[in-house]
Amino acid sequence: MSTFGFAVSDSLTMLQRNIKHALRYPAMTVSVVLMPVMMLLLFNYAFGGAIGAGIEGAPTGGGKYIDYVAPGIILMTATAGAVATAVGVCVDMTEGIVNRFRTMSISRAAFLTGHVVGSVLQTLVAIALVVGVALAIGFRPQATLVEWLAAAGLLTLLTLALTWLSAGIGLVSRTPESASNTPLPLTFLPFLGSAIVPTDSMPTGLRWFAEYQPFTPAIETLRGLLMGTPIGDSGWIALAWCAGLSLVGYLWARSAFGRTAKR
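My aim in this report is to walk through the structure given alongside it, one point at a time. Predicted, not measured: the structure shown is a model, and the values here were computed from it.

Quick look at helix α2 (residues 27–46) now. An ideal rise of 1.5 Å per residue puts 28 Å on 20 residues; α2 measures up with 27 Å between its terminal C-alpha atoms. Looking at α2, one finds that the buried residues are Val32, Val33, Pro36, Val37, Met39, Leu40, Phe43 and Asn44.

Turning our eyes to something else, we now look at the environment of isoleucine 237. Within the secondary structure, isoleucine 237 is located in helix α12 (residues 234–261). Judged by its relative accessible area of 41%, isoleucine 237 falls in the partly exposed class. Note: C-alpha distance between isoleucine 237 and tyrosine 212 (25 residues apart in sequence) is 9.7 Å.

Looking now at the packing of helix α4 (residues 65–95) against helix α11 (residues 215–227). A packed helix pair is summarised by two numbers, namely the angle formed by the two axes and the spacing between the axes. In the contact formed by α4 and α11, the axes pass within 9 Å of each other and the chain directions differ by 125°. Here α11 runs oblique to α4, going by the angle between their axes. Here the hand of the crossing between α4 and α11 comes out right-handed. Contact with α4, carried on its side by Asp67, Tyr68, Pro71, Gly72, Ile74, Leu75 and Thr79, involves Phe215, Ala218, Ile219, Leu222, Arg223 and Met227 of α11 and no other residues of that element.

Glancing now at the environment of threonine 199. You can see threonine 199 is positioned in the loop between α9 (184–188) and α10 (204–212). Residue threonine 199 is classed as buried on the basis of its relative accessible area of 11%. Put simply, threonine 199 and threonine 216 are 17 residues apart on the chain and 8.8 Å apart in space, counted from C-alpha to C-alpha. Among all residues touching threonine 199, those that are not within four sequence positions of it are Gly193, Ser194, Arg207, Ala210, Glu211 and Thr216.

For α11, built from 13 residues, the straight-helix expectation of 18 Å at 1.5 Å per residue is met to within 8% by its first-to-last C-alpha distance of 18 Å. Buried residues dominate α11, accounting for 13 of its 13 residues. Looking one or two residues past α11, glycine 228 carries a phi angle of roughly 80°, positive in sign.

With that settled, consider the side chain of glutamine 213. Its location among the elements puts glutamine 213 in the loop between α10 and α11. Looking at glutamine 213, the relative accessible area reads 3%, which means it is buried. Side-chain polar atoms of glutamine 213 contact the backbone oxygen of leucine 189, separated by 3.0 Å. Other than its neighbours up to four places away in sequence, glutamine 213 contacts Leu189, Leu192, Gly193 and Trp241.

The next thing to look at is the packing of aromatic side chains. One pass over the full model with this rule turns up five aromatic pairs. Consider the rings of tryptophan 164 and tyrosine 250, whose centres lie 5.1 Å apart with planes at 85°: the pair is edge-to-face. Pair noted here: tryptophan 164 is in helix α7 (residues 145–172) and tyrosine 250 is in helix α12, with a separation of 86 residues, a long-range link. Under the relative-accessibility criterion, tyrosine 250 is labelled partly exposed at 33%. Plain terms: the ring middles of tryptophan 208 and tyrosine 212 are 5.4 Å apart, the flat faces sit at 40° to each other, and that makes the pair tilted. Of this pair, tryptophan 208 and tyrosine 212 both sit in helix α10, separated by four residues, roughly a single helical turn. Assigned by exposure class, tryptophan 208 and tyrosine 212 land together as exposed. Chaining the aromatic ring pairs together yields one cluster made of Phe43, Phe188 and Phe191. Over the aromatic face of tyrosine 68 sits the side chain of arginine 223, whose NZ or CZ is 3.7 Å from the ring centroid.

For the coordinates displayed, the defined rule picks out one salt bridge. Here glutamate 220 makes a salt bridge to arginine 223, at a shortest N to O gap of 2.9 Å. Taken together, the positions of glutamate 220 and arginine 223, both in helix α11 and three residues apart, correspond to about one turn of that helix. With respect to class, glutamate 220 is no different from arginine 223; both count as buried.

Rules used throughout
- Residues numbered from 1 in each chain as written.
- Predicted model: local features only at pLDDT ≥ 70, side-chain atom pairs only at ≥ 80, totals over all residues.
- Heavy atoms only, no water.
- Helix = DSSP H or I, 4+ residues; strand = E, 2+ residues; numbered from the N terminus.
- Expected span 1.5 Å × (residues − 1).
- Buried < 20%, exposed > 50% of the residue type's maximum accessible area, 1.4 Å probe, protein only.
- Axes fitted to C-alpha atoms, helices over the stretch in contact; angles between N-to-C directions.
- Parallel < 35°, antiparallel > 145°, perpendicular 65-115°, else oblique.
- Left-handed = near helix turned anticlockwise from the far one by under 90°.
- Contact = heavy atoms within 4.5 Å.
- Polar contact = N/O pair within 3.5 Å; in protein donor to acceptor, adjacent residues only side chain to side chain.
- Phe/Tyr/Trp six-rings, centres within 6.5 Å; stacked < 30°, edge-to-face > 60°.
- Lys NZ or Arg CZ within 6 Å of the ring centre and 35° of its normal.
- Salt bridge = Lys/Arg side-chain N within 4 Å of Asp/Glu carboxyl O.

Encoded structure:
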């Protein structure tokens with residue numbers, strides 16, 4: 001078997017390990033689903049009447065408020081998965097299992113690859129569950145099959161980018177507690193975008209920040225694909241952000257993992 005073949009085989013073994021961990025200890029997976037679902041229910045039933053009244057007549061809104069807010073909350077599920085990734089990587093680093101792996105004939109890339117792929121799959125399952133809850137409470141997307149596939153592709157790319165960043169956070173964190181707290185800004189950054197209200201309704205300074213942060217173009221692209229609203233340049237900008245964040249996260253995680261081997 002070639003070196004590449006061994007790397008793939010080892011990565012699949014690590015992936016199976018992470019999936020088994022997720023099944024045996026589902027608390028973190030449940031938390032990834034629970035927070036977006038609670039946000040969805042809160043903003044739809046508690047705040048939807050007040051917020052939706054100002055959005056339904058806006059050009060970027062239209063229809064029921066659930067149709068506006070659901071794409072943003074669905075995207076927030078990808079950010080919630082970042083916490084689980086950082087904690088999982090940090091736990092392995094602090095408990096010493098990685099040192100054991102380094103004494104074995106295992107591909108160096110397998111540990112991070114198994115964590116990243118496993119976390120992406122776990123987050124995508126969580127996204128599917130949140131979509132199901134949104135549909136159950138009145139979300140009515142107008143997307144065709146091709147648009148659904150494009151939306152799934154965008155969410156996968158964004159999840160991959162955030163997972164690599166979170167893996168880097170987990171590698172440099174000293175404790176699982178710090179690993180769980182550090183990614184929280186990523187979780188709440190969509191609130192400062194167009195997830196809950198249009199950016200046009202924000203004060204000038206906040207509106208500028210909201211329009212040029214990475215999550216707003218992703219939210220607008222997802223909303224456009226699912227609800228038929230204009231996408232404009234948001235699609236290309238969102239893809240560029242996903243590619244850039246993936247590259248930065250990958251290089252950071254690889255560098256951090258290499259540094260831990262020298263301690």
